[in-house]
Amino acid sequence: MKKLLSVAGAALLTALAAVFALGQPAQAATGFTVSNGRLYDAGGVEFVMRGVNHAHTWYPQQTSSFANIKALGANTVRVVLSSGDRWTKNSAADVANVISLCKANRMICVLEVHDTTGYGEDGAATTLAKATDYWLSIADVLKGQEKYVIVNIGNEPFGNQGYSAWTTDTSNAIKRLRAAGLTHTIMVDAPNWGQDWSFTMRDNAGTVFAADPQRNTVFSIHMYGVFDTAAEISDYLGRFRTAGLPIVVGEFGFNHSDGNPDEDAIMAYAQANGIGYLGWSWSGNGGGVEYLDMTTAFNPAQLTSWGQRIFNGANGIAATSREASVYASTTPTASPTVSPTVSPTTSPTVSPTPPPPTTPPPAGGCTATYTVANSWQGGFQGEVKVTAGAAAITGWTVRWTFANGQSVTQAWNASVSNSGSAYTARNVDYNGRLGAGASTTFGFIGSWTGTNSTPATTCTAS
């Protein structure tokens, strides 16, 4: 993501009359369809995405992630692929295997080409036309999978320069896919690094939707620092609802270098209004946004505070996800054991790290482990893992005292208060009950000057 460079003036949605007159797709659907701004699966049941993004193209050997994501309740996984223009191309065979993994784990696959990210501002990025070339080159493995696959043409296809071409380039890409016989629901990302601060997608979505001869296109907004208030979130998403245009939150996080998105408002509004969301991301982040990992080193037993929030928190995936109806009459099968061949040069250097040995907490008690998850000049991200003892607990309280003048500026997954340098964190309503030996995490953003030593923690269970 990039920082917001300017604020566009408010503008009205265009081409709405055309949208309202469109109605159902012109031909019988073989997979997902769009009607009146809603997405329906092949069984004719409204489908609301609840899932996460998975960086498959950079970690192709992490095929167990599909089963692990499903086990936490997701009904959708957005899979990062490469057209070969910037990263190593994902072959047709690899994509076929990804689709089989999604199906074996009863999830919907949203497949996206990541090479377009920030085109016009990032010189390494490629065009939507090149991304479309890639989809056409693997069309044979996509056709016949319309019940299970949504094609997300290109990730964040423009940065903060040249984005006025978004409407034409996106429309042309959709037309080419349709002319080649692809009947899948198509997803299109917003410009401005996905955040559409210029309202280019918002104000031209009707035109793009009308350019699809099947009227089967879904719009995707990425919500990071631009969307840091509930009012901005509800206004943006609400305009699509009012216009009868389908919208999903294709990426969002709990924090970002360009600002602090309001993840609680995103999830609450999405749940109240039947809007899909896909959090970023399962694991493997780099470049200073490692805090967006939902799991530590792809280990589902080590959810981060962000992972706990999106899967197990209020309006989270576990509580709100509903499986696509196309799986209702199928029997779950084991995940395929065949995974793409990976060159040693492409293997990631990160691997799961076994937890350090600890002394089990007493029955009915709890322990708390404090770590600094990320640090930068003047600020840091702290994370505390709370583990129940040999008996279940119904609540917990963690206390610590900073020795170097640090302070907490915001927190999640816990209610945090302080008296001077002494801090107290108490569970919130969704993470206080822990089974024997079970864990949860909470996190916070803090400030520091000079020294940032790790304080001792105490944990009291109730």
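Just so it is clear, the model here is predicted, and its values are computed rather than measured.

Enquirer: Outline the pairing of strand S17 (residues 415-419), supporting the account with residue identities and numerical values.
Expert: Across five bridges, the pairing between S17 and strand S18 (residues 422-426) is antiparallel. Considered in S18, the bridge of Ser417 is made with Thr424. In sequence, S17 turns back onto S18 through a hairpin of two residues, with Gly420 there showing a positive phi of about 65°.

Enquirer: Mind laying out the nonpolar core, listing which residues take part and the relevant values?
Expert: In terms of nonpolar packing, the biggest core is built from 98 residues, with Leu111, Trp135, Leu142, Ile153, Phe219, Ile221 and Leu237 touching the most fellow members. Every residue in contact with Leu111, bar those within four places of it in the chain, is listed here: Val79, Leu81, Val95, Val98, Ile99, Trp135, Leu142, Val149, Ile150, Val151 and Asn152. Among the nonpolar cores identified, the runner-up in size contains 21 residues, and Ala368, Val386, Trp396 and Tyr423 belong to it.

Enquirer: Report on the packing of aromatic side chains, specifying residues and quantitative values.
Expert: For the structure shown, the criterion picks out 25 aromatic pairs. Aromatic side chains Tyr236 and Phe240 sit 5.4 Å apart centroid to centroid with 35° between the ring planes, which places their arrangement in the tilted category. Pair noted here: Tyr236 and Phe240 are both in helix H8 (residues 230-243), with a separation of four residues, about one helical turn. In this structure, Tyr236 and Phe240 share a single accessibility class: buried. One aromatic cluster is present, formed by Tyr370, Phe380, Trp396, Trp400, Phe402, Tyr423, Phe442 and Phe444 through successive ring pairs. In this structure, Arg202 is placed above the aromatic ring of Phe199, and the distance from its NZ or CZ to the ring centre is 4.0 Å.

Enquirer: With reference to specific residues and values, describe the pairing of strand S5 (residues 108-113).
Expert: Most of S5 is tucked away, with six of its six residues classed as buried. Side chains Ile108, Val110 and Glu112 of S5 all project onto a buried face; the interleaved residues Cys109, Leu111 and Val113 project onto the opposite face, where all are buried too. Pairing geometry for strand S4 (residues 76-81) and S5, over six bridges, is parallel. Within S5, the residue paired with Val79 across the bridge is Leu111. The parallel pair S4 and S5 is bridged by helix H3 (residues 92-104), and the resulting crossover is right-handed. Direction of pairing for S5 relative to strand S6 (residues 149-152): parallel, over a ladder of four bridges. Its bridge partner being in S6, Glu112 is matched across the sheet by Asn152.

Enquirer: I'd like a description of the sheet that holds strand S16 (residues 407-412), backed by residues and values.
Expert: In spatial order, the strands read S13-S14-S19-S16; together these four strands make up an open sheet with antiparallel pairing. With partners counted over all chains shown, the strands left at the sheet margins are strand S13 (366-376) and S16, one partner each. Ignoring which end each strand starts from, the neighbouring axes of this sheet average 25° apart. In this sheet, strand S14 (residues 379-388) lies alongside S13 in antiparallel orientation, the contact comprising ten bridges. Residue Asn374 lies in a different strand from S14, and its bridge partner there is Gln381.

Conventions and cut-offs
Residues numbered from 1 in each chain as written. Predicted model: local features only at pLDDT ≥ 70, side-chain atom pairs only at ≥ 80, totals over all residues. Heavy atoms only, no water. Pairing = 2+ DSSP bridges. Helix = DSSP H or I, 4+ residues; strand = E, 2+ residues; numbered from the N terminus. Core = buried A, V, L, I, M, F, W, Y, C linked by side-chain atoms within 4.5 Å. Buried < 20%, exposed > 50% of the residue type's maximum accessible area, 1.4 Å probe, protein only. Contact = heavy atoms within 4.5 Å. Phe/Tyr/Trp six-rings, centres within 6.5 Å; stacked < 30°, edge-to-face > 60°. Lys NZ or Arg CZ within 6 Å of the ring centre and 35° of its normal. Right-handed = clockwise from strand over helix to strand, strands pointing away. Axes fitted to C-alpha atoms, helices over the stretch in contact; angles between N-to-C directions.

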